[in-house]
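# Remarks on the overall topology
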Number of protein chains: 4
Amino acid sequence: MLGMGLRVGIYGGSGYAGSELVRLLSGHPEVGGMEVASRGFAGRDITEVYPHLAVEETFVEPGQVDASGLDVAFVAYPHMESAGVVRDLLEAGTGLVVDLSADFRLVDVALYNEWYGEHPVPELLKEAHYGLPEVFGAAEGRLVANPGCYPTAAVLALAPVVKRLKVSSVAINALSGVSGAGAKPSPKTHFVSANENVSPYGLADGSPRHRHTPEIEAVLGRVGEVPEITFVPHLLPISRGELETIYVQLEDPGELPEVEDVLGWYEEDYEGWAFVEARAEAPQISHVANTNRARLSAAVDRRAGKLLLFAAVDNLLKGASGAAVQNMNLALGYPEDAGLEHLK
Amino acid sequence: MLGMGLRVGIYGGSGYAGSELVRLLSGHPEVGGMEVASRGFAGRDITEVYPHLAVEETFVEPGQVDASGLDVAFVAYPHMESAGVVRDLLEAGTGLVVDLSADFRLVDVALYNEWYGEHPVPELLKEAHYGLPEVFGAAEGRLVANPGCYPTAAVLALAPVVKRLKVSSVAINALSGVSGAGAKPSPKTHFVSANENVSPYGLADGSPRHRHTPEIEAVLGRVGEVPEITFVPHLLPISRGELETIYVQLEDPGELPEVEDVLGWYEEDYEGWAFVEARAEAPQISHVANTNRARLSAAVDRRAGKLLLFAAVDNLLKGASGAAVQNMNLALGYPEDAGLEHLK
Amino acid sequence: MLGMGLRVGIYGGSGYAGSELVRLLSGHPEVGGMEVASRGFAGRDITEVYPHLAVEETFVEPGQVDASGLDVAFVAYPHMESAGVVRDLLEAGTGLVVDLSADFRLVDVALYNEWYGEHPVPELLKEAHYGLPEVFGAAEGRLVANPGCYPTAAVLALAPVVKRLKVSSVAINALSGVSGAGAKPSPKTHFVSANENVSPYGLADGSPRHRHTPEIEAVLGRVGEVPEITFVPHLLPISRGELETIYVQLEDPGELPEVEDVLGWYEEDYEGWAFVEARAEAPQISHVANTNRARLSAAVDRRAGKLLLFAAVDNLLKGASGAAVQNMNLALGYPEDAGLEHLK
Amino acid sequence: MLGMGLRVGIYGGSGYAGSELVRLLSGHPEVGGMEVASRGFAGRDITEVYPHLAVEETFVEPGQVDASGLDVAFVAYPHMESAGVVRDLLEAGTGLVVDLSADFRLVDVALYNEWYGEHPVPELLKEAHYGLPEVFGAAEGRLVANPGCYPTAAVLALAPVVKRLKVSSVAINALSGVSGAGAKPSPKTHFVSANENVSPYGLADGSPRHRHTPEIEAVLGRVGEVPEITFVPHLLPISRGELETIYVQLEDPGELPEVEDVLGWYEEDYEGWAFVEARAEAPQISHVANTNRARLSAAVDRRAGKLLLFAAVDNLLKGASGAAVQNMNLALGYPEDAGLEHLK
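This structure is a prediction, so every number in the text was calculated from the model and none was measured. Counting from 1, residues in each chain are numbered in the order their sequence is written. Here every chain gets a letter starting at A, and every ligand a number starting at 1, in the order they are written. Per-residue local features of the predicted model are confined to residues with pLDDT of at least 70, and side-chain atom pairs are confined, for both listing and counting, to 80 or more; whole-chain, interface and lining totals are unaffected and use all residues. Side-chain descriptors were evaluated using all non-hydrogen atoms of the structure, hydrogens and water having been removed beforehand.

### Considering the confidence of the model for chain A
On average, residues of chain A score 97 in pLDDT, and 99% of them are at 70 or above. Our summary of model confidence lists the complex with pTM equal to 0.97 and ipTM equal to 0.97. By definition, pLDDT measures how confident the predictor is in each residue, and it falls between 0 and 100.

### Regarding the sheet that holds strand β7 (residues 143-145) of chain C
All names here are of chain C. Spatially, β3-β2-β1-β4-β5-β7-β6 is the arrangement adopted by the seven strands of the open sheet, whose pairing is parallel. The open sheet is flanked by β3 (59-60) and β6 (129-130), the only strands paired with a single partner. The criterion for strand pairing is that DSSP finds at least two bridges linking the strands in question. Going along the chain from the N terminus, every DSSP run of H or I of four or more residues is numbered as a helix, and every run of E of two or more is numbered as a strand. Of the strand pairs in this sheet, strand β2 (residues 31-37) and β3 are connected by two bridges, and their pairing is parallel. Each bridged residue has a counterpart across the sheet, and for V36 the counterpart in β3 is F59.

### Structural notes on the interface of chain B and chain A
By a widespread convention, an interface's size corresponds to the accessible area lost as its parts come together. Two residues qualify as a contact provided that any one of their heavy atoms is within 4.5 Å of a heavy atom in the partner residue. Listed by partner, the interface residues are 46 residues for chain B and 46 residues for chain A. Together chain B and chain A conceal approximately 3600 Å² of surface at their shared face, both sides included; 56% is due to carbon and sulfur atoms. Two parts placed together each lose some accessible area; with a 1.4 Å probe, that loss summed over both constitutes the buried area. When residues of chain B are sorted by the area they lose upon contact with chain A, B:E196, B:Y247 and B:R303 head the list and together hold 18% of the total. Basic side-chain nitrogens of Lys or Arg form a salt bridge, by our definition, when they fall within 4 Å of a carboxyl oxygen of Asp or Glu. Taken together, the links from chain B to chain A amount to two salt bridges. A salt bridge links A:E217 to B:R303; the nearest nitrogen and oxygen atoms lie 2.6 Å apart. For this analysis, a polar contact is any N or O atom pair within 3.5 Å, provided that within protein one partner can donate a hydrogen and the other can accept it, and provided that sequence-adjacent residues contribute only side-chain to side-chain pairs. In this assembly, chain B and chain A are joined by 26 residue pairs in polar contact (both at pLDDT 80 or more). Looking at which element gives the most residues to the side of chain B that touches chain A, the answer is strand β8 (residues 167-176) of chain B, with six residues.

### So, the interface of chain D and chain C
Counting from both sides, the interface comprises 46 residues of chain D and, opposite them, 46 residues of chain C. When chain D packs against chain C, close to 3600 Å² is buried across both sides, 56% of that on carbon and sulfur atoms. Summed over the three residues of chain D that lose the most area to chain C, namely D:E196, D:Y247 and D:R303, the buried surface amounts to 18% of that side. Here chain D is connected to chain C by 25 residue pairs in polar contact (both at pLDDT 80 or more). Contributing elements (two or more residues each) for the side of chain D that touches chain C: β8 (167-176), β9 (199-200), β11 (207-208), α8 (212-221), β12 (229-235), β13 (242-250), β15 (294-301) and β16 (306-313) of chain D. Of all the elements, β8(D) adds the most residues to the side of chain D that touches chain C, at six residues. Counted by class, the side of chain D that touches chain C contains 25 nonpolar, 14 polar and seven charged residues. Amino acids outside the nonpolar list (Ala, Val, Leu, Ile, Met, Phe, Trp, Tyr, Cys, Pro) and the charged list (Asp, Glu, Lys, Arg) are all regarded as polar, and Gly is one of them.

### Let's talk about the relation of the copies chain B and chain A
A least-squares superposition brings the copies together, and it is based on the C-alpha atoms of residues with pLDDT no lower than 70 in both. For these two chains of identical sequence, chain B goes onto chain A by a turn of 180 degrees and a shift of 0.0 Å along the axis, with RMSD 0.0 Å. The transformation just described matches what one would write down for a two-fold rotation axis. In this assembly, 100% of the residues forming the interface of chain B have copies in chain A that are likewise at the interface, indicating an isologous arrangement.

### Section: the packing of helix α6 (residues 149-162) of chain D against helix α9 (residues 259-269) of chain D
All names here are of chain D. Between N-to-C directions, angles span 0 to 180 degrees; the directions come from axes that are lines fitted to C-alpha atoms, helices contributing only their stretch in contact. Relative orientation of the contacting elements α6 and α9 amounts to 105 degrees, with a least axis distance of 9 Å. The pairing of α6 with α9 is recorded here as roughly perpendicular in orientation. Counting all contacts with α6, which are made through L156, A157, P160 and V161, the residues of α9 involved are V262, W265, Y266 and D269. Looking at side-chain class alone, the contact of α6 with α9 contains seven nonpolar, no polar and one charged residues. Throughout this description, any angle smaller than 35 degrees is read as roughly parallel, any larger than 145 degrees as roughly antiparallel, any in the 65 to 115 degree range as roughly perpendicular, and the remainder as oblique.

### Overview of the sheet that holds β9(D)
Residue and element names in this part refer to chain D. The seven strands are arranged β9-β12-β8-β13-β16-β15-β14 in an open sheet whose pairing can be described as mixed. Looking at the sheet topology across the chains shown, the edges are occupied by β9 and β14 (276-278). As paired strands, β8 and β13 are joined by nine bridges and run antiparallel to one another. Its bridge partner being in β13, V170 is matched across the sheet by V248. Against the sheet, α8 engages β8 and β12, with an angle of about 135 degrees to β12. Most of the contacts of α9 go to β15, to which it runs at about 155 degrees, and overall it touches β14, β15 and β16.

### Thoughts on the side chain of D:D314
All names here are of chain D. Mapped onto the secondary structure, D314 falls in the loop between β16 and α10 (317-331). Working definition: with a 1.4 Å probe on protein chains only, accessible area under 20% of the residue-type maximum means buried, over 50% means exposed, and in between means partly exposed. Owing to a relative accessible area of 0%, D314 belongs among the buried residues under this scheme. In terms of polar contacts, D314 uses its side chain to reach the backbone amide nitrogen of N290, at 2.7 Å. Residues contacting D314, with those up to four places away along its chain left out, are R240, G241, V288, A289, N290, T291, R293 and G319.

### Some details on α10(D)
Residues and elements named next belong to chain D. A helix's residues, less one, multiplied by 1.5 Å, set its expected span. When the terminal C-alpha atoms of α10 are compared, their 18 Å separation across 15 residues is substantially less than the 21 Å that a helix rising 1.5 Å per residue should span. Two axes enter the definition of the bend at a residue: one is fitted to the seven residues ending there, the other to the seven starting there, and the bend is the angle between them. At A323, α10 shows its maximal kink, close to 50 degrees. The buried count for α10 comes to 14 of 15 residues, which makes it a mostly enclosed element. Phi turns positive one or two residues past the end of α10, at G333, with a value near 85 degrees.

### Topic: α6(D)
An α-helical turn contains 3.6 residues, so a residue and the one three or four places further along point in the same direction. A rise of 1.5 Å per residue sets the reference length of α6(D), with its 14 residues, at 20 Å; its end C-alpha atoms lie 20 Å apart and thus fit the reference within 8%. Most of α6(D) is tucked away, with 14 of its 14 residues classed as buried.

### A closer look at the packing of aromatic side chains
Residue and element names in this part refer to chain C. Pairs were defined over the aromatic rings of Phe, Tyr and Trp, the Trp ring being its six-membered one, requiring ring centres within 6.5 Å. Orientation was assigned from the angle between planes: stacked under 30 degrees, edge-to-face over 60, tilted for the rest. Following the criterion strictly, the structure yields 31 aromatic pairs over all chains and no others. In this scheme, the term charge over a ring applies when either NZ of a lysine or CZ of an arginine sits within 6 Å of the ring centre and within 35 degrees of the ring normal. R39 extends its terminal NZ or CZ atom over the ring of Y77, reaching a point 4.2 Å from the ring centre. Here K188 stacks its cationic end above the ring of Y201, 4.1 Å away from the centre of that ring.

### Some points on the environment of D:Y334
Residues and elements named next belong to chain D. Examined against the element boundaries, Y334 turns out to sit in the segment after α10. Judged by relative accessible area, which is 23%, Y334 ranks as partly exposed. Spatially, the C-alpha atom of Y334 lies 8.7 Å from that of E30, the residues being 304 residues apart in sequence. The residues contacting Y334, other than those within four sequence positions of it, are L6, E30 and N329.

See below:
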């Protein structure tokens with residue numbers, strides 16, 4: 001694919017997020033050329049490796065891509081590996097880098113070091129824009145930290161609440177399809193293990209310890225005051241999609257709002273954004289799968305004094321690659337839904 | 001099937017609970033004869049209607065069964081319909097009635113009336129034994145109220161905790177396979193609706209309002225003090241099995257126990273019972289599906305001050321028909337696992 | 001949705017084919033206004049009934065649509081019901097009618113009467129164009145008979161073969177997702193029945209007797225000579241997609257071609273068409289699901305003297321609504337992939 | 001588990017067939033002690049590795065088992081690896097060896113060498129009994145070759161036909177759950193690859209070439225005359241179960257039988273055997289999953305001159321471990337359903 005338009009590079013093009021990027025960018029009206037790097041599949045036609053992708057490109061070695069000529073690079077490597085590649089791209093002159101790893105999501109280097117290990121390029125942390133545009137707007141710099149899939153749903157549901165109410169307790173029960181566990185075969189992702197099953201995970205030594213917990217807390221902390229959050233993800237026998245059911249308690253139980261209030265806050269805060277919508281009916285994963293949507297809802301348990309929030313996204317689209325393209329669009333001044341119109 | 005042994009009747013034999021009873025009782029060593037009543041399928045061979053059941057019996061009209069000659073009757077009718085049938089059976093002289101509906105689970109008639117409608121036979125309420133033997137022992141009378149599937153998991157997980165600690169908040173996030181929604185075809189249970197989907201349900205006018213909520217609260221209230229409970233069930237794309245992830249807060253956060261403590265309470269309280277087991281590893285639905293097991297676990301989120309409990313059962317076995325057979329065994333003095341040995 | 005562009009009507013908008021049409025046409029660049037008729041849901045917002053469809057239209061009564069003002073009407077009613085509606089639309093002056101039922105697929109009225117019942121509007125049969133454009137080109141008249149899902153796959157795979165070789169035996173083993181059985185809830189489409197299961201169907205009194213059999217035979221008969229075909233469909237636990245494995249024997253076993261020959265015939269016959277592609281690797285349902293593609297392949301069993309053909313389509317897209325839009329595009333002179341670009 | 005009764009060893013206890021053997025033998029009334037060897041998990045409690053198995057044994061190293069003291073050994077190793085272990089067990093004095101690999105299923109060493117590689121212990125081939133008891137009776141020697149899963153279904157369906165009719169063409173369309181592909185994680189068995197998908201496999205260089213083909217041909221050849229068979233397996237998104245739809249043509253089309261004839265042959269040939277049953281209704285996978293049953297049916301396509309046979313088994317039970325226990329029972333003089341009563 002050559003011609004006018006943006007020249008984009010995808011690093012880590014053979015994982016799930018990477019192959020979704022290939023699919024989305026190959027149909028993007030502003031993209032003129034695409035280079036897809038994969039260490040494992042370099043030299044092979046993409047459509048041979050992924051027959052569901054009807055594109056003409058061939059996987060190349062990361063080193064073969066001329067980074068200085070790229071308008072945009074998407075990096076879909078594991079955390080700790082990504083940071084160095086991002087630095088190299090920025091130094092080589094790539095116009096915009098959208099990093100889909102966790103490496104630039106936490107501003108506080110100590111927090112990163114505690115949950116991930118020592119950050120390879122801490123000096124870049126403060127330059128990254130957290131790419132949840134409906135809360136933090138379009139990126140102005142050259143580096144976008146694409147949010148985690150679970151934080152995307154959690155922050156969209158919780159930000160309007162913590163902005164307005166003093167929250168004393170938050171428990172997030174999260175459910176994810178198996179693509180959330182990555183493309184690498186393992187006993188856990190074997191069809192026979194995951195099928196007809198649900199398994200809680202992210203527990204270590206009897207405590208919930210998933211790395212999206214500090215991300216959710218830190219990002220929400222920029223919007224309002226939040227307590228430590230309990231976050232328990234579960235693996236579901238579906239391919240894609242996430243649903244979070246969030247149990248919230250308030251410092252002052254007398255402040256428990258009406259459902260309509262919460263839906264109104266969502267409408268107010270997300271007005272004008274194409275992909276986030278609140279409805280009275282609780283969202284289901286099938287309402288958002290294969291789209292770039294986030295769907296929100298709320299319920300109030302007045303008997304038990306709790307506010308319930310519901311959020312659903314497709315973990316590979318609004319939770320990863322769809323958001324990444326949306327972030328690119330916004331950073332470069334295109335409509336946020338360019339190339340994503342059919343995913344609204 | 002004729003001969004020595006118990007003569008049992010199954011009313012409502014063509015639903016999921018009923019057909020599981022047929023399967024279990026047809027292999028039960030103490031059962032000598034089985035009559036299976038179904039209003040919709042009377043006159044047809046069971047194995048023709050349900051080819052996965054390799055039994056020789058034919059469905060009969062409920063009126064064709066001689067209730068006075070039954071040693072045991074299992075009633076698997078909808079609530080409000082069941083109560084009258086149960087009364088008639090007891091009056092006709094059936095030795096033991098195990099009711100799988102909700103009609104005799106709540107002792108408090110006002111509570112029943114609030115959540116279900118006016119109870120048809122309130123005078124029988126106080127004669128029913130709540131059939132969760134690991135907490136309330138074997139039935140002594142002639143009527144067993146078989147617990148709801150969700151309450152089975154919830155009460156097994158929570159009873160040892162509320163017995164020992166002052167609990168201030170409980171949120172139960174429950175996940176169930178589609179058989180929990182019954183055998184009647186509906187848009188919600190259509191394969192294409194349920195597949196690749198998860199949907200929260202049990203919400204009415206923006207509030208959680210599932211009928212198992214008062215059952216859980218009332219039953220736990222016999223063991224300790226409990227606050228109003230938030231209970232949110234979700235429909236999962238699996239055929240059978242339930243997982244509950246329970247978020248507990250204590251009145252005195254300083255009392256937050258160690259995981260080992262909780263596992264120790266489970267071991268202590270459920271010692272000697274064949275089907276309930278606690279493990280350090282969180283249970284998965286595949287660990288209990290197609291068995292009569294309940295598997296429990298616990299985790300502690302010391303950061304956020306919460307105790308987490310996990311419970312998994314097969315909704316059709318330990319959550320319904322397996323428990324019903326176990327209750328029959330105990331009421332009649334057989335080993336609790338008679339006919340259920342292969343489901344341990 | 002109003003404005004410039006085509007005014008289209010969808011009759012039977014609440015079934016699976018109908019709701020896919022809503023999704024596709026709401027994003028079609030040439031469509032300016034859309035009316036969606038549904039007898040069951042008239043008056044309700046489409047997105048309320050089908051939350052996965054983010055459109056603004058409301059279902060209307062069929063009688064409320066001004067047929068004379070429609071540029072195109074899509075009819076997705078059951079066979080026997082569709083024919084009369086089609087006639088009325090044509091008489092009222094609708095520019096183009098694409099009928100997704102079986103009513104105009106068989107040219108021979110006697111054959112229709114034998115397999116479906118007495119045809120309500122036999123005089124229109126000869127005016128219909130069989131809408132498999134890759135074999136029969138664009139429609140020239142005002143009525144398109146959209147092919148059956150199974151015949152689409154079968155004819156695309158077989159036409160190039162029967163055109164070139166004398167075939168003596170054809171057995172089509174077809175596998176379909178549950179959406180192929182329609183949106184109406186039934187015991188067969190209940191999640192618990194279909195999940196973890198595969199069931200052969202289309203058998204009557206011990207003989208294969210699916211109505212797509214005469215359609216396949218008659219349509220192939222326009223291309224070459226074909227024997228009576230054995231066609232056995234099976235229901236699969238997936239939502240969408242079809243795979244046919246076709247066992248072919250030749251009158252002269254010595255003529256058994258090479259795989260490359262067959263792939264070459266496909267390439268030759270389907271050159272220039274956007275949605276049909278042959279590959280050396282056998283197609284899988286995941287290669288075509290959620291696309292308008294048909295993927296073909298071939299194998300040769302020289303030991304046993306058989307030619308094997310493989311064909312996969314998404315039954316709701318290339319097998320129904322995607323093809324319907326493609327047929328509209330071609331009949332009206334638009335590019336065949338207008339509004340379907342992201343489904344290639 | 002110690003005490004009176006048989007002392008059995010399981011080699012390869014951590015695969016799917018092995019773990020099913022653990023489950024079945026731990027509940028077998030004649031088994032007094034069980035040793036389970038696993039090279040990967042030696043030293044770990046079985047129930048820790050496989051929480052769905054509630055047994056007390058610990059995996060041991062193969063070398064730790066005293067083969068001379070074993071009454072029965074089950075070997076569930078890959079082909080080519082199994083043969084040597086079988087020889088060693090027989091030489092060490094193990095009473096009976098049931099081999100679940102392909103190593104002793106083909107009597108003709110040249111055929112084995114062609115399809116698998118050079119046989120490591122060809123001299124044992126003629127001592128093995130092919131363990132499909134409903135066709136070949138109980139084993140008399142010390143070595144049972146447990147049949148392949150696909151051949152079990154195919155031979156049960158075809159043997160009574162080829163015994164009575166001259167068959168000119170056989171095409172077997174086989175569908176299998178993912179457990180048939182083994183427990184080893186791979187891209188093909190990843191949940192996201194297999195889910196919502198069906199894939200033909202067993203093709204090499206454009207020809208069907210699955211190793212069960214010569215097994216089916218050779219075994220049927222002992223019963224009647226058979227042509228070369230076309231066998232095309234497909235991977236299905238279910239955990240367990242197999243369905244074969246078999247397309248048969250006769251040398252003399254005038255001999256095409258009635259469905260009732262075929263069902264009668266099945267009844268006659270399999271009378272008295274507990275696990276094989278023919279019915280007028282076509283079998284579905286859910287009719288046999290989690291049982292040791294084989295269910296058969298037939299249809300006749302008189303238009304197209306073909307006989308259709310249907311066969312369904314659970315690939316891990318009647319297609320592997322259930323049959324292995326049945327073979328042990330028969331070889332040692334126990335009822336064929338000892339320990340398998342609940343799987344009838």
